[in-house]
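Coordinates in review
Here is how the chains run, residue by residue.
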Amino acid sequence: MNTRNRQWILKSRPKGLPAREHFELREQPLPEVGEGQILVRNLYLSCDPAQRSWMERDTYVKAVPLGEVMRSGATAQVLQSRNPAFREGEIVSGMFGWQDYALSDGGGFVPVTKLPAGLPIPLSMSVLGLTGMTAYFCMLELCDPQPGQSVLVSGAAGATGSVAAQIAKLKGARVVGIAGGADKCRWLTDTLGLDAAIDYRSEHLGQRLAALFPQGIHAFFDNVGGETLEAALLHLAPQARVGLCGAIAIYNDLDHTPPLRNHTRLLVTRARLQGFLVTDYAARFAEAGAQLARWLGEGRIRNQVDIVDGLENTPEAFRRLFTGENLGKQLVRVAEPVS
């Protein structure tokens, strides 16, 4: 075992796109394992849009303090344990951050959990992890797709949006996805089986929504916010449901977030717009995991991961979320488990 721990420290709070300059790669000695703690070696790191807001300000969790390890979810292997709930060698997930090794007492706003034996780590961090849970509960509980209704999903080629769109199709809805670029749009229709896709980079979003939703949007799963949300509000059907899952369009300029326009359409259509945090459904994660695993095993849901190798490349991997380079769930592979 290496006796040094590489850590990506948050050096400054970005204004605009996050870049390597906002972080510093440091090395520290491995920490001592105290009573009730475990020492883990990170295997895969999760890159998620919410981490961008954590870099800048308090949200549903406190902002990452300057000079501390960048916060992120990760899957890791227990190397040392002084906690009776965990054994050495077990594969676990938790908020372990951008580093090789981490200490934990098993708690936190996302508690440490054990992975089922034999479950591939990329699956556990995408469709069968918090990504899949987010898609499952936001789509089914907030958007509530019904057979024959029309559903819109923004960020549909991303980790969460791609799963949410497929769930809506499974429920018998007609599904349109929004993505950036012709290749991603073809992937949505040809591989995932969506009914149509809108390329926001080359097509006029409002015109395409009018053409594809002549009876209005019955449910909108929004990962983007900003102008995409405003455009969708103009095309809502009566009693539409809008689930606010993310707002990646504005995360890089939170100090200049424009006011939301077109919200009076919620009055006219008597629509419901509701924010979403997946942790509200933690008591039902086992239910969602079992159903997602069944759909995956039956070939009714496809999973897509995008893996960048090397802890040293984490800032660039994270940035891919905001430049549109990733397809599906963005992960960083730090190491592989040892037997």
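Look up: the structure comes first, before these words.
Residues numbered from 1 in each chain as written. Predicted model: local features only at pLDDT ≥ 70, side-chain atom pairs only at ≥ 80, totals over all residues. Heavy atoms only, no water.

**Side note on helix 7 (residues 226–233)**
Here helix 7 lies mainly inside the structure; 6 of its 8 residues are buried. Within the span of helix 7, buried status applies to Thr228, Leu229, Glu230, Ala231, Ala232 and Leu233. (Buried < 20%, exposed > 50% of the residue type's maximum accessible area, 1.4 Å probe, protein only. Helix = DSSP H or I, 4+ residues; strand = E, 2+ residues; numbered from the N terminus.)

**Focus: the pattern of salt bridges**
Taken as a whole and assessed by the stated rule, the structure comprises 23 salt bridges. Arg6 serves as the salt-bridge partner of Glu312, at 3.3 Å between the closest nitrogen and oxygen. Remark: Arg6 occurs in strand 1 (residues 4–10) and Glu312 occurs in the loop between strand 14 (305–309) and helix 10 (314–323); sequence separation between them is 306 residues. The partly exposed category is assigned to Glu312, whose relative accessible area is 35%. Between Arg284 and Glu287 there is a salt bridge, and its shortest N-O distance comes to 2.9 Å. (Salt bridge = Lys/Arg side-chain N within 4 Å of Asp/Glu carboxyl O.)

**What about a nonpolar patch on the surface?**
Residues Tyr60, Phe109 and Leu277 make up a contiguous nonpolar surface patch of about 260 Å² in total accessible area. One can find Tyr60 in the loop between helix 1 (50–54) and strand 4 (74–81). (Patch = residues over 30% accessible without salt bridge, like charges linked within 9 Å, V, L, I, M, F, W, Y side chains within 5 Å. Areas by Shrake-Rupley, 256 points an atom, 1.4 Å probe, with all protein chains shown as cover.)

**Comments concerning the layout of surface pockets**
Taken as a whole, the second largest pocket holds about 430 Å³ of empty space. Along its surface, the second largest pocket is lined by 24 residues, and Met95, Phe96, Gly97, Gln99 and Leu103 are the ones closest to its centre. Elements represented by at least two residues in the lining of the second largest pocket include exactly strand 1 and strand 6 (101–104). Here the lining of the second largest pocket takes 4 residues from strand 6, the largest share from any one element. Considering only residue class, the lining of the second largest pocket consists of 13 nonpolar, 8 polar and 3 charged. (1 Å grid on protein atoms, 1.4 Å probe; cavity = no way out; pocket = protein on both sides within 12 Å on 5 of 7 lines; lining within 4 Å. Points joined across faces, edges and corners; volume = space filled by probe spheres on them. Nonpolar A, V, L, I, M, F, W, Y, C, P; charged D, E, K, R; others polar.)

**Brief notes about the nonpolar core**
In a soluble, globular protein the nonpolar side chains are often hidden away together inside. Within the largest apolar cluster, 39 residues are counted, with the highest numbers of intra-cluster contacts made by Met139, Ile167, Leu188 and Leu292. Secondary structure elements with two or more residues in this core: helix 3 (130–143), strand 8 (150–153), helix 4 (159–170), strand 9 (174–179), helix 5 (182–191), strand 11 (217–222) and helix 9 (285–297). With 9 residues, the single largest contributor to this core is helix 3. The residues touching Leu292, leaving out its near neighbours within four places in the chain, are Val127, Leu128, Gly132, Met133, Tyr136, Val163, Ile167 and Ile301. Grouped together as the second largest cluster of nonpolar side chains are 32 residues, Trp54, Phe86, Phe96 and Tyr251 included. (Core = buried A, V, L, I, M, F, W, Y, C linked by side-chain atoms within 4.5 Å. Contact = heavy atoms within 4.5 Å.)

**Describing empty space enclosed by the protein**
Counted according to the given criterion, the structure contains 1 cavity of 30 Å³ or more. Roughly 40 Å³ of volume is contained in the largest cavity. As for the largest cavity, its lining consists of Ser126, Val127, Thr131, Ala159, Ser162, Val163, Arg302, Asn303, Gln304, Gly328 and Lys329. Here the lining of the largest cavity takes 3 residues from helix 4, the largest share from any one element. Residues belonging to the lining of the largest cavity are distributed by class as follows: 3 nonpolar, 6 polar and 2 charged.

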